[in-house]
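Breakdown of the fold
Each chain, written out:
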Amino acid sequence: MVERRHSPDSFMKTYCKHTKVADLRFVRESIDHYLKGKRSRRDVSAWLDHHPDLDRVADAIASEIRTGRFHDTTIRYFNRTEPISGKHRVIGRESVHHQILDHVAIDAMRPMLDAKIGRWQTASVEGRGTIDARKAIKRWTRQRSSRWFVKLDVRKCYPSIDRTVLKRLLARDIGDKTLLRLACHLIDRYAGTQGLNIGSYASQWLANYYLSYAYHFATERLAKLRRRRDGTVVRRRLVTHVLFYMDDILLVGLGKADLRMAARMLAAYLHRFLHLDVHPEWNAKRLALEPIDMVGFTFRPHGRVNIRHGVFLRARRNFRRAGKMARIPIWLARRLASYYGYFKWSDSVQYRRRNGIDKTMRRARKVLAARKETP
């Protein structure tokens, strides 16, 4: 016996009823939030040269939001192929004005987003990210309740998000009509009629919000009901742990049959209510025989953490290249800083010592410090 359907409209609480989204001071604070750490960026620096008076900019943007007469902004799109996975993505590069509107909207929506986005939705959420996911999965692999796992991948998540469903959910959850109008304006600026913009600050939050309904379904409704001989009904969860890293979904459980049932139920929910499809090539795997491959790491029983093979090869190549250079260029220093976390947060102490990883990283930090960049 399986529990009944679980529609997104079953959650009826409304948030953000009285925001300050069109307030001059609020917009000014959002501009400062956006500019933090970005002033040296080429496009931002050029924009600041043309707009030195930020109070005047804040007043103009607040007026746009208040009246609903937004300046027309274009988004430039370019193709990108992921170096490790080989996936082809279309990235949208927004104007600075559009990015500021993104920050204003998300800052105003934060009470709703914080309430809706689940604890183990870790992608693009401040204070979480890959490290938070790594800590959780490492802890789970030490538990007896983690015997089997299933990894699901939402097919073309960003381009497939149904804007009509997204706007309907936002209209139900956001009580401030001015904020809702701004959010819908930003969504409508994306190319095409479906999907969100990869590379947008607002899109990553909205995608997490959209998938939060699937997350709560997975954590609260993936269960089956068993009727005992005495007539009592017992509810038993099909999974012990759930983690969403944007469109990568990890389900962990005790039994293979229960986990397969949970994966089918979640895939059906994603398709029926959110109009998203899961890649069909998934299988329930035994943790004792095959590691969990997630967020750039592989996790084995008893908490053993290694770097994913493709990530390790690229990281090793870049550190070796830097080790042979008399002076590390800024672009390589930035790349080393991004890869160093994999060595730091995996069981790679011996490799770091033998290959001078920490020594090379100290040199890269000095290069970044000279440019006032923090790795």
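Scroll up a little and you will see the structure.
Overview of the structure. In this text the structure is predicted, and so the values were computed from the model without any measurement. (Residues numbered from 1 in each chain as written. Predicted model: local features only at pLDDT ≥ 70, side-chain atom pairs only at ≥ 80, totals over all residues. Heavy atoms only, no water.)

**Description of the side chain of Asp153**
- Summarising the element assignment, Asp153 is placed in strand β3 (residues 148-153).
- Asp153 sits in the buried class, given a relative accessible area of 19%. (Helix = DSSP H or I, 4+ residues; strand = E, 2+ residues; numbered from the N terminus. Buried < 20%, exposed > 50% of the residue type's maximum accessible area, 1.4 Å probe, protein only.)

**Brief notes about the environment of Asn318**
- Note that Asn318 resides in helix α11 (residues 309-323).
- Through-space distance from the C-alpha of Asn318 to that of Phe299 is 24 Å; in sequence the pair is 19 residues apart.
- Non-local contacts of Asn318, meaning those with residues more than four positions away in its chain, are made with Leu332, Arg335, Leu336 and Tyr339.
- Reaching out from Asn318, the side chain makes a polar contact with the backbone oxygen of Arg314 at a distance of 2.7 Å. (Contact = heavy atoms within 4.5 Å. Polar contact = N/O pair within 3.5 Å; in protein donor to acceptor, adjacent residues only side chain to side chain.)

**Some thoughts on the environment of Asp358**
- Mapped onto the elements of the fold, Asp358 is located in helix α14 (residues 357-370).
- You can call Asp358 partly exposed: its relative accessible area is 26%.
- Taking C-alpha positions, Asp358 is 9.3 Å from Lys344, a pair spaced 14 residues apart along the chain.
- Those residues in contact with Asp358 that sit more than four places away from it in its chain are Tyr340 and Arg352.
- Among the polar contacts listed, one links the side chain of Asp358 to the side chain of Arg352, at a separation of 3.1 Å.

**Section: the nonpolar core**
- In this structure, Ile65, Met109, Leu170, Leu251, Leu266 and Leu270 are the most contacted members of the largest nonpolar core, which totals 106 residues.
- Per-element tally for this core: the top contributor is helix α9 (residues 201-221), with 13 residues.
- Sequence-distant contacts of Met109, defined by excluding residues within four places in its chain, comprise Cys16, Leu170, Ile174, Leu179, Ala183 and Leu206.
- Ranked by size, the runner-up nonpolar core spans 17 residues in total, among them Ile328, Leu332, Tyr340 and Tyr351. (Core = buried A, V, L, I, M, F, W, Y, C linked by side-chain atoms within 4.5 Å.)

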